[in-house]
Amino acid sequence: MLQINQYVKVSSLDEAYELNQKKNNVIIGGMHWLKMMDRMVGTAIDLSGLGLDQIVETDDAFEIGCMVTLRQLEQHKGLNTYTAGAVADAVKDIVGVQFRNTATVGGSIFGRYGFSDVLTVFLALDTTVVCHKAGEISLQEYAKLPQDRDILVKLIVKKTPVAVAYLAQRHARTDFPILTCAVSYWNGTWHAAVGARPGRAELVADENKLVRGETATAEEAKAFGEHVAKQLRYNNNMRGSAEYRQQITPVLVKRAMLAAGKGR
């Protein structure tokens, strides 16, 4: 059972950061996972009054506040035009609309959940994370760090010219994924982010240039998929075995690559 001793709607990030330094205090967002915990919370810290629930599009980037909901991601025309619908594809099967109306981007990214579709798709893009104290760091670096007491303020998705596609394997819609996969091409290199192995998503780049150019042949896509599969570790859980996940990784990578680059 979750018990909360005190609730504070903060008026600044400095106030939120100071409160969050106490171990039994916690930032609250949609509270979908927090409410299922058996714990005592000293102070529940609410960021909803800080204007962090907006997606701001500039000439160079999309700035996504930590309190933006997954439903906002799904419906944002500019972001989904830029990603050819990949962001919407990544979130559309997460539980249901009521859940996505309250689940937040900040919770998804800060939690670094091994099953996260959200982390997977943003890893494949030119994305940085802005934290209150640590400042701006790449999402790839942030995803590898352990959770700390800093506050994730926003994501910045740079408008680097990109080709991207997202796929996931599930037993059924709205279920947790067996495997998540986002493949993208930007700055002259193909990238593949694969998660739910089960384990937080990791990014693999085509540093050996197995694919020549921004479109891939079926043979090149297959070779890159096999390369990606060999770089990652897999494990078992109730949704699938390590062997199964390793077998479907090159298939999803190939399909996503061909979809992103339209094949040739």
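Since we're looking at a predicted model, the values are computed, not measured. (Residues numbered from 1 in each chain as written. Predicted model: local features only at pLDDT ≥ 70, side-chain atom pairs only at ≥ 80, totals over all residues. Heavy atoms only, no water.)

As a further point, take the environment of Ala201. For Ala201, the location among the structural elements is in the loop between strand 11 (189-195) and strand 12 (202-205). A residue is classified by how much of its surface remains accessible, and Ala201, at 5% relative accessible area, is buried. Once the C-alpha coordinates of Ala201 and Gly96 are considered, the two residues, 105 residues apart in sequence, prove to be 22 Å apart. Those residues in contact with Ala201 that sit more than four places away from it in its chain are Leu119, Thr120, Leu123, Val194 and Gly195. (Helix = DSSP H or I, 4+ residues; strand = E, 2+ residues; numbered from the N terminus. Buried < 20%, exposed > 50% of the residue type's maximum accessible area, 1.4 Å probe, protein only. Contact = heavy atoms within 4.5 Å.)

Moving on, we get to the side chain of Asn20. Tracing the backbone through its elements, the reader meets Asn20 in helix 1 (residues 13-20). Sequence-distant contacts of Asn20, defined by excluding residues within four places in its chain, comprise Asn25, Val26, Ile27, Ile45, Arg149, Asp150 and Ile151.

Quick look at the pattern of salt bridges now. Going through the model one piece at a time under the given rule, you end up with 10 salt bridges. Note that Lys159 and Glu57 form a salt bridge whose closest N and O atoms lie 2.7 Å from each other. Taken as a pair, Lys159 in the loop between strand 8 (152-158) and strand 9 (163-169) and Glu57 in strand 4 (residues 55-57) lie far apart in primary sequence, 102 residues in all. By relative accessible area, Lys159 is classed as partly exposed at 27%. When its relative accessible area of 43% is taken as the criterion, Glu57 is described as partly exposed. Linking Asp93 and Arg173 is a salt bridge whose minimum nitrogen-to-oxygen distance equals 2.8 Å. Of the two residues, Asp93 is situated in the loop between helix 4 (86-91) and helix 5 (97-100) and Arg173 in the loop between strand 9 and strand 10 (179-186); the sequence distance between them amounts to 80 residues. Through salt bridges with shared partners, a single ionic network connects Arg71, Glu74 and Arg100. (Salt bridge = Lys/Arg side-chain N within 4 Å of Asp/Glu carboxyl O.)

As a further point, take the packing of aromatic side chains. Each aromatic ring pair is described using two quantities: the centre-to-centre distance and the angle formed by the ring planes. Under the defined criterion, the tally for this structure stands at 4 aromatic pairs. Each ring, one from Tyr113 and one from Phe115, has its centre 5.1 Å from the other, and the planes form 10°; the classification is stacked. Between Phe115 and Phe176 the ring centres are 4.8 Å apart and the planes differ by 75°, which places this aromatic pair in the edge-to-face class. Here the residue Phe115 occupies a position in the loop between helix 6 (105-111) and helix 7 (117-123), and Phe176 occupies one in the loop between strand 9 and strand 10, the gap between them amounting to 61 residues. (Phe/Tyr/Trp six-rings, centres within 6.5 Å; stacked < 30°, edge-to-face > 60°.)

Let us now look at the sheet that holds strand 7 (residues 135-138). Strands sit in the order 4-5-8-6-7 across an open sheet of 5 strands; the sheet is antiparallel. One side of each edge strand has no neighbouring strand; the edge strands of this open sheet are strand 4 and strand 7. Adjacent strand axes in the sheet meet at a mean angle of 20°, parallel and antiparallel pairs treated alike. Examined bridge by bridge, strand 6 (residues 127-131) and strand 7 share 4 bridges and lie antiparallel to one another. Bridged to Val129 within strand 7 is Ile137. (Pairing = 2+ DSSP bridges. Axes fitted to C-alpha atoms, helices over the stretch in contact; angles between N-to-C directions.)

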